[in-house]
Amino acid sequence: PGNIWYNADEHIWVDGVENKVKIGKLAGNRKLEFGVKNILEAYLQEKNLELAPDATRKIKVEIIYLDVLSTKKNISVIHSNEEEVVIRLKGILKEEGKKDKEVIVEESSSEVSMSTLIIDEGGGFNQTSLSNALKKGCGKLITKLLEDK
């Protein structure tokens, strides 16, 4: 902060990501927290913000919901299956230790599969759909937290 090149408006820090998902395969998963933090930091850097632990603006994120919603249709031997990964994130932006803004966003990513045989693995996370939902959710969260800033 004593540096003449330091601009506080361009510095921010992700103060932590907490997985508050209570049920499912990823409930309490620390790797998910780490992955979401990395995605958030990448989005912040894309917005030309510098990550600095001593920044006056800090973001705290909670993963409050993550699940797979399945829709299945069967007509004779033709089977259609749509799995949608849904994620809900809560973000809190703090300015100099005081809560400045709080938002909740929800995003999803789906995959449709069709087959002529009925084969069901049931309720699993597709890695691509999960990754897409996380990226979309993190991008939307950063945009909403930092708009009008």
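Preceding this paragraph is the structure being described.
Residues numbered from 1 in each chain as written. Predicted model: local features only at pLDDT ≥ 70, side-chain atom pairs only at ≥ 80, totals over all residues. Heavy atoms only, no water.

Asks: Any details on the overall build of the protein? Residues and values, ideally.
Replies: Along its length, the protein carries 2 helices and 5 strands. Listing the helices and strands of the protein from first to last along the sequence gives β-α-β-β-β-β-α. Here the protein, with 149 residues, has 35% of them falling under the buried criterion. Long-range pairs, those at least 24 residues apart, make up 71% of the contacts in the protein with a sequence separation of at least 6. Accessible area for the protein stands at about 9100 Å²; split by element, carbon and sulfur atoms hold 49% of it. (Helix = DSSP H or I, 4+ residues; strand = E, 2+ residues; numbered from the N terminus. Buried < 20%, exposed > 50% of the residue type's maximum accessible area, 1.4 Å probe, protein only. Contact = heavy atoms within 4.5 Å. Areas by Shrake-Rupley, 256 points an atom, 1.4 Å probe, with all protein chains shown as cover.)

Asks: Give a description of the packing of aromatic side chains that names residues and reports values.
Replies: Evaluation of the coordinates by the stated rule reveals 0 aromatic pairs. In this structure, Arg88 is placed above the aromatic ring of Tyr65, and the distance from its NZ or CZ to the ring centre is 4.8 Å. (Phe/Tyr/Trp six-rings, centres within 6.5 Å; stacked < 30°, edge-to-face > 60°. Lys NZ or Arg CZ within 6 Å of the ring centre and 35° of its normal.)

Asks: Explain the pattern of salt bridges to me, and be specific about the residues and the numbers.
Replies: Once the charged atoms of two side chains with opposite charge are near each other, the side chains can pair. Applying the stated criterion across every chain yields a total of 8 salt bridges. For Glu62, the salt bridge goes to Lys20, with nearest N and O atoms at 3.6 Å. Note that Glu62 is positioned in strand E3 (residues 57-75) and Lys20 in the loop between strand E1 (11-19) and helix H1 (30-46), a separation of 42 residues in sequence. Glu62 sits in the buried class, given a relative accessible area of 12%. Residue class for Lys20 comes out partly exposed when judged on its relative accessible area of 31%. Glu106 is the partner of Arg88 in a salt bridge, and the nearest nitrogen-oxygen pair spans 2.6 Å. Pair noted here: Arg88 is in strand E4 (residues 78-95) and Glu106 is in strand E5 (residues 98-115), with a separation of 18 residues, a long-range link. The class for Arg88 is partly exposed, based on a relative accessible area of 29%. Since its relative accessible area comes to 39%, Glu106 is described here as partly exposed. Connected through shared salt-bridge partners, Lys20, Glu62, Lys90, Lys99 and Glu102 make up one network. (Salt bridge = Lys/Arg side-chain N within 4 Å of Asp/Glu carboxyl O.)

Asks: Would you mind going over helix H2 (residues 127-146) in detail, with residue names and values included?
Replies: Over its 20 residues, H2 extends 29 Å from the first C-alpha to the last, a length consistent with the 28 Å expected when each residue adds 1.5 Å. Those residues of H2 that fall on the buried side of the exposure criterion are Ser129, Leu130, Ala133, Leu134, Gly137, Cys138, Gly139, Leu141, Ile142, Leu145 and Leu146. One or two steps after H2, the chain reaches Asp148, where phi turns positive at roughly 65°. (Expected span 1.5 Å × (residues − 1).)

Asks: So what's going on with the environment of Ser110? Which residues, and what values?
Replies: Summarising the element assignment, Ser110 is placed in strand E5. Judged by relative accessible area, which is 40%, Ser110 ranks as partly exposed. Considering only alpha carbons, one finds Ser110 and Val85, 25 residues apart in sequence, at a separation of 6.2 Å.

Asks: Can you break down the packing of H1 against H2 residue by residue, with the values?
Replies: Axis separation between H1 and H2 bottoms out at 9 Å; the angle between their running directions is 50°. The orientation of H1 with respect to H2, classified from their angle, is oblique. Helix-helix and strand crossings are classified by hand; for H1 and H2 the assignment is right-handed. Across the interface between the two elements, Leu32, Val36, Ile39, Leu40, Tyr43 and Leu44 of H1 pack against Leu134, Lys135, Cys138, Gly139, Leu141, Ile142 and Leu146 of H2. Considering only residue class, the contact of H1 with H2 consists of 11 nonpolar, 1 polar and 1 charged. (Axes fitted to C-alpha atoms, helices over the stretch in contact; angles between N-to-C directions. Parallel < 35°, antiparallel > 145°, perpendicular 65-115°, else oblique. Left-handed = near helix turned anticlockwise from the far one by under 90°. Nonpolar A, V, L, I, M, F, W, Y, C, P; charged D, E, K, R; others polar.)

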